[in-house]
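Structural characterization, general
For reference, the chains in residue letters:
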Amino acid sequence: MKYVFGNWKMNLGIRESVALARGVARSLRGKESVPEVAVFPAFTALSEVHKALSRSRVQLGAQNIGVEKSGAYTGEVSSSMLEDVGCSYALIGHSERRWKFAESDELIADRLKACLASKVTPVLCVGESVAEREDGSHEEFVTGQMKSALSDIDVSNASDLIVAYEPVWAIGTGETATVAQVVEMHTHIRSTLQSILEMNAEEFSILYGGSVNPENAYELLREREIGGVLVGGASLKIHAFQDILEAATEVITAQGA
Ligand code: 13P
């Protein structure tokens, strides 16, 4: 199984979101082996995009998830609200939340717990900034992010949790990590999962995000260690996203995965 997720970030109104979602759904129609595809629109578009995707294989995701179920938490959207609107996935700890909105490791751990207690599958985002990459502490840094998010949680199945490795220096910069860098970090993330969760981590899907585009998607996706891609900018352009979906389909067909 390969995952192709499109994080639309703070882009597109309701009408444009529905049109893009329909385009994504159309590109999977009639195909036998397709990746698991989800789009992550802004909260304001979730309801209409859900309707537009109702008879398709495309899943819906949210870009964040609240800790509490309801109450005086202005600006938050709870897991039950996301279930209600038809979300299957939620991003947690995206670097833009961590750096631009000062979300702490502690808050991210609480969001993850709330998500795991719901029917929404968490996509936990981790990744170092350029400083850690340059001084060589990137693995240690990602281990720290994972320990604080995962040390106090219960995961019984590998399908309950997806991890996305998104190095901050590769997001929106056009600078993709090399396949070797991604594979090395994914291997590290897998062994960290194994030691924190004390379970076999073979089956966990670890996605890569950071300037994924139609030119680099195939070489990333064909690696067994790379479970899929979390696409930002290129997921807003239907032709680019379709090409990435096509690359994933080719890999699945070639590998029988
Ligand atoms: P870009 O693909 O625009 O680099 O964004 C990646 C990302 O942040 C996905 O969550």
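Residues numbered from 1 in each chain as written. Predicted model: local features only at pLDDT ≥ 70, side-chain atom pairs only at ≥ 80, totals over all residues. Heavy atoms only, no water.

What about the site of the ligand?
Lining the immediate surroundings of the ligand are N7, K9, H94, E166, A170, I171, G172, G210, S211, L230, G232 and G233. In the model, an oxygen atom of the ligand is placed 2.8 Å from a nitrogen or oxygen of the H94 side chain. Contact with the protein chains covers 94% of the free accessible surface of the ligand, which is 310 Å². (Near = heavy atom within 4 Å. Polar contact = N/O pair within 3.5 Å; in protein donor to acceptor, adjacent residues only side chain to side chain. Areas by Shrake-Rupley, 256 points an atom, 1.4 Å probe, with all protein chains shown as cover.)

Considerations on the side chain of S205
Examined against the element boundaries, S205 turns out to sit in strand β7 (residues 205–209). On the basis of relative accessibility, which here comes to 14%, the residue S205 falls in the buried class. Excluding residues within four positions of it along the chain, S205 makes contact with Y3, I162 and V163. (Helix = DSSP H or I, 4+ residues; strand = E, 2+ residues; numbered from the N terminus. Buried < 20%, exposed > 50% of the residue type's maximum accessible area, 1.4 Å probe, protein only. Contact = heavy atoms within 4.5 Å.)

Points about the pattern of salt bridges
Under the defined criterion, the tally for this structure stands at eleven salt bridges. With a closest N to O distance of 3.0 Å, E103 and R97 form a salt bridge. Overall, E103 belongs to the buried group, its relative accessible area being 7%. Several salt bridges share partner residues, and in doing so they unite E76, R97, E103 and R111 into one network. (Salt bridge = Lys/Arg side-chain N within 4 Å of Asp/Glu carboxyl O.)

Details of the packing of helix α5 (residues 105–116) against helix α7 (residues 138–150)
At a closest axis distance of 8 Å, the pairing of α5 and α7 adopts a crossing angle of 50°. The angle between the axes of α5 and α7 places the two elements in the oblique class. The handedness of the crossing between α5 and α7 is right-handed. Contacts from D105, A109 and L112 in α5 reach S148, A149 and L150 in α7. Considered class by class, the residues forming the contact of α5 with α7 number four nonpolar, one polar and one charged. (Axes fitted to C-alpha atoms, helices over the stretch in contact; angles between N-to-C directions. Parallel < 35°, antiparallel > 145°, perpendicular 65-115°, else oblique. Left-handed = near helix turned anticlockwise from the far one by under 90°. Nonpolar A, V, L, I, M, F, W, Y, C, P; charged D, E, K, R; others polar.)

Some words on α7
Think of an α-helix as 3.6 residues a turn; residues three or four steps apart then line up on the same face. Helix length check: α7, at 13 residues, gives a terminal C-alpha distance of 18 Å against a target of 18 Å (1.5 Å per residue), a fit within 8%. What α7 keeps buried is the set H138, V142, T143, Q145, M146, A149 and L150. Across the axial projection of α7, the buried residues extend over an arc of 160°, all falling on one side. Buried residues along α7 sit in contact with α4 (95–100), α5, β5 (121–126), α6 (130–135) and α8 (179–197). (Expected span 1.5 Å × (residues − 1). Arc of directions from axis to C-beta.)

What about the sheet that holds strand β8 (residues 228–231)?
If you trace the eight strands once around the closed barrel, you get β1-β2-β3-β4-β5-β6-β7-β8, paired in parallel fashion. On average, adjacent strands in this sheet sit at an angle of 25° to one another, irrespective of strand direction. Across four bridges, β5 lies against strand β6 (residues 162–165) in parallel orientation. Within β6, the position partnered with V126 by the bridge is Y165. Strands β1 (3–7), β2 (36–40) and β8 of the sheet are contacted by helix α10 (residues 238–255), whose axis makes an angle of about 165° with β1. (Pairing = 2+ DSSP bridges.)

Everything listed here is a matter of geometry and, on its own, says nothing about what the molecule does.
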